[in-house]
Amino acid sequence: MANKKQKNGKKSKVRAAAKKSARKVVKLASSTKANGNGLPKPSSKPYGQAGLALQGVRILDFTHVQSGPTCTQLLAYMGADVIKVERPGAGDITRGQLRDVPNADSLYFTMLNGTKRSITIDSKHPKGMEILNRLIKTCDVLVENFAPGALDRMGLTWDYVHKLNPRMIVASVKGFGPGPYEDCKVYENVAQCAGGAASTTGFREGPPLVTGAQIGDSGTGLHLALGIVSALYQRIRTGRGQRVLCAMQDGVLNLTRVKLRDQQRLKHGPLTEFRQYGEGVPFGVAVPRGGNDSGGGQPGWILKCKGWENDPDAYLYFITQAPVWNEICDVIGEPEWKTHPDFATPKARLPRLTQIFGRIEQFTKTMTKFEAMDLFNKHDIPCGPILSMKEIADDESLRTTGTVVEVDHPTRGKYLTVGNPIKLSDSPADVRRSPLLGEHTEEILSKVLGYSASQIAEIKTSGAITAPDKSKAAA
Ligand code: COA
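What comes next is a walk through the structure.

### A look at the overall build of the protein
Point 1. The helix and strand tally for the protein stands at 20 helices and 11 strands.
Point 2. Seen through its C-alpha atoms, the protein measures out along the principal axes to roughly 85 × 55 × 50 Å.
Point 3. Scored against the burial criterion, the 475 residues of the protein give a buried share of 44%.
Point 4. Partitioning the intrachain contacts of the protein with sequence separation of at least 6 by distance along the chain shows that 66% fall at a separation of at least 24.
Point 5. Charge centroids of the protein, computed over 64 positive and 47 negative side chains, lie 10 Å from each other.

### Digging into the packing of aromatic side chains
Point 1. Evaluated as defined, the whole model comprises eight aromatic pairs.
Point 2. When the centroid spacing of 4.2 Å and the interplanar angle of 15 degrees are considered together, the rings of Trp337 and Phe343 count as stacked.
Point 3. Judged by its relative accessible area of 5%, Phe343 falls in the buried class.
Point 4. An aromatic cluster of at least three residues, connected via ring pairs, comprises Phe318, Phe363 and Phe376.
Point 5. It is Arg134 that lies over the ring of Tyr451; its NZ or CZ is 3.8 Å from the centre.

### Things to note about the pairing of strand β3 (residues 117–120)
Point 1. Of the two faces of β3, the one holding Arg117 and Ile119 and the one holding Ser118 and Thr120 are both buried throughout.
Point 2. Bridge count between strand β2 (residues 81–86) and β3: four bridges; the pairing is parallel. Note that in β3 the partner of Glu86 across the bridge is Thr120.

### Quick notes on the sheet that holds strand β7 (residues 300–304)
Point 1. Strand order in this open sheet of three strands is β7-β8-β9, and the pairing throughout is antiparallel. Each edge of the sheet is formed by a strand with only one pairing partner; in this case those strands are β7 and β9 (383–385). Across this sheet, the average inter-strand angle for adjacent strands is 20 degrees, counted without regard to direction.
Point 2. Contacts between helix α14 (residues 353–364) and the sheet are confined to β7 and β8 (315–319), with β7 contributing the most and set at about 35 degrees to the helix.
Point 3. Against the sheet, helix α15 (residues 369–378) engages β8 and β9, with an angle of about 160 degrees to β9.

### Some remarks on the site of the ligand
Point 1. In the vicinity of the ligand, 22 residues are found, and the nearest of them are Arg87, Ile121, Ala147, Lys185 and Val186.
Point 2. In the model, an oxygen atom of the ligand is placed 2.7 Å from a nitrogen or oxygen of the Arg87 side chain.
Point 3. A distance of 2.9 Å separates a nitrogen atom of the ligand from a polar backbone atom of Asn145.
Point 4. Protein contact buries 84% of the 930 Å² of open area that the ligand shows by itself.
Point 5. Among the residues making up the shell around the ligand, the classes are represented as nine nonpolar, six polar and seven charged.

### Points about the environment of Leu226
Point 1. The residue Leu226 is located in helix α8 (residues 217–238) in this model.
Point 2. Separated by 124 residues in sequence, Leu226 and Leu350 place their C-alpha atoms 39 Å apart.

### A short note on helix α18 (residues 441–448)
An α-helical turn contains 3.6 residues, so a residue and the one three or four places further along point in the same direction.
Point 1. Along α18, the positions that sit buried rather than exposed are Thr441, Ile444, Leu445 and Val448. One face of α18 carries all of its buried residues, which in axial projection span an arc of 115 degrees.
Point 2. At its buried positions, α18 is contacted by β1 (58–62), β2, β3, α4 (126–138) and α19 (453–462).
Point 3. Positive phi appears at Gly450, one or two residues downstream of α18, with a value of about 75 degrees.

### Considering the packing of α18 against α19
In a packed pair of helices, the relevant descriptors are the angle between the two axes and the axis-to-axis distance.
Point 1. Remark: α18 packs on α19, axes separated minimally by 10 Å, with the N-to-C direction vectors making an angle of 140 degrees. The pairing of α18 with α19 is recorded here as oblique in orientation. Crossing angle aside, the handedness with which α18 passes α19 is right-handed. Of α19, the residues touching α18 (which contributes Glu442, Leu445 and Ser446) are Ile456, Ile459 and Lys460.

### Digging into the side chain of Asn113
Point 1. Looking at the element boundaries, Asn113 is found in the loop between α3 (107–110) and β3.
Point 2. Among the polar contacts made by the side chain of Asn113, one reaches the main-chain carbonyl oxygen of Phe109 at a distance of 3.0 Å.
Point 3. Reaching out from Asn113, the side chain makes a polar contact with the side chain of Lys116 at a distance of 2.8 Å.
Point 4. With sequence-adjacent residues up to four places away left out, Asn113 is seen in contact with Pro69, Gln73, Lys84, Asp92, Ser434 and Pro435.

### So, the pairing of β1
Across a regular strand the side chains alternate sides, sitting on one face of the sheet and then on the other.
Point 1. Taking burial as the measure, the five residues of β1 include five buried ones, the bulk of the element.
Point 2. A two-sided burial pattern is seen for β1, the buried positions comprising Arg58, Leu60 and Phe62 on one face and Ile59 and Asp61 on the other.
Point 3. Inspection of the sheet shows β1 paired to β2 by four bridges, in the parallel sense. Along β2, the bridge assignment pairs Asp61 with Lys84.
Point 4. Note on the crossover from β1 through helix α2 (residues 67–77) to β2: the handedness is right-handed.
Point 5. Note that β1 and strand β4 (residues 141–144) share four bridges and pair parallel. What sits directly across from Asp61, in β4, is Val143.

What counts and what doesn't
- Residues numbered from 1 in each chain as written.
- Predicted model: local features only at pLDDT ≥ 70, side-chain atom pairs only at ≥ 80, totals over all residues.
- Heavy atoms only, no water.
- Helix = DSSP H or I, 4+ residues; strand = E, 2+ residues; numbered from the N terminus.
- Buried < 20%, exposed > 50% of the residue type's maximum accessible area, 1.4 Å probe, protein only.
- Contact = heavy atoms within 4.5 Å.
- Lys, Arg positive; Asp, Glu negative; His and termini not counted.
- Charge placed at Lys NZ, Arg CZ, Asp CG, Glu CD.
- Phe/Tyr/Trp six-rings, centres within 6.5 Å; stacked < 30°, edge-to-face > 60°.
- Lys NZ or Arg CZ within 6 Å of the ring centre and 35° of its normal.
- Pairing = 2+ DSSP bridges.
- Axes fitted to C-alpha atoms, helices over the stretch in contact; angles between N-to-C directions.
- Near = heavy atom within 4 Å.
- Polar contact = N/O pair within 3.5 Å; in protein donor to acceptor, adjacent residues only side chain to side chain.
- Areas by Shrake-Rupley, 256 points an atom, 1.4 Å probe, with all protein chains shown as cover.
- Nonpolar A, V, L, I, M, F, W, Y, C, P; charged D, E, K, R; others polar.
- Arc of directions from axis to C-beta.
- Parallel < 35°, antiparallel > 145°, perpendicular 65-115°, else oblique.
- Left-handed = near helix turned anticlockwise from the far one by under 90°.
- Right-handed = clockwise from strand over helix to strand, strands pointing away.

Structural data, given as structure tokens:
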């Protein structure tokens, strides 16, 4: 971990301590006092007051757009000191994309770069490379998601980085792994298509569909975060860094693995849990789009609720879970289905799913999605309301758990962000606003890299941390 010593924050101010922790110095895990088994002595501090899970890990964050930034933001929430390196004058392209407030960093940027520090460095400037070299020596992990070859073109090849800092973990997101497409640039929807998600999403009669969940970008960022913490853990034993690669196609496929399961099942007959089976539509050679069919062994569908004519989200996802079939029959007013040979067993029901869900929908249309949720859950019947983003933004319980967090930003004001969806019982999440472009440049140069005031003054005039002067460039 970064070569620093830990100080303790005040007991009652966990959050404040969490904020400070990124700046604090920590002991190496391997140098903590052993308890006789070679393991660190258990902390005597109460749960939640022993610092953050990744405290002491320092990350050189060369990420941009979404996939990489999601990964490093999560690591920052967990306590890592994430230093985001951005191009002087421009920064991460998303700062200016989909802007809602003039001259302020967009929500696209702010919601993916919370709790990080920003330093501007021109990596193609000799002085900029000198600063980067110092950063490489002091960081534990370099994370990047440039187009294939861009990091090497900067001169930061694995061999170069590894030689400078043999403990450095170099983690990358690329669109594709080694193979025919390895040199291609990739964005979210390309990954959804190449990873098998789009061909299996949507309705049978319609074209392939991409999903709103960013499984290509944020999904791969999550995979990368797991790769990084695994590599950090292995480094405790080996003392050396390694490369971590997550291809977006692989990440999407991992999240779509149930469809590869179904592809293999197809060899042995039709997929009986798909409505298509009951409707007598033959299956082709590949897994079809299943609409809202459940991907698991318990058939489900989306049903209209009261108000559906005017409210696009007045729907409920309903699952005909076999163990509660009798309860379902009683609640919807079809008690004879409990023993009727056409409905009594899961197998008998499969060819009749359209009829069954049609009947349940007659019932759900008489109540709102929330009334239906309450009623069915009293009987232990699994279901869920289709929540709009407005309902999620207003949801009190998501605020209480810190999954939705409001933060304040100096130029755009208050905004909502998604906090840490992973809850650790001994590590509070550190969720703060995103940095302004280059906000921490001087702080990092002096406090992290040890440059003196006169050296910083020299760096400032060198052009390594400032945008090129356009008038000079034109002349
Ligand atoms: N100083 C100087 N140059 C910098 C810099 C800095 N601080 N930071 C970046 N650059 C340069 C790089 O060196 C590179 O230049 P080069 O191509 O001349 O070598 C360039 O900026 C960035 O390149 P690139 O990553 O190709 O950006 P792009 O906007 O053309 O492509 C992607 C964007 C997302 C398509 C591409 O980065 C990509 O495919 N990434 C991998 C997959 C991925 O993560 N996709 C999901 C994005 S959400």
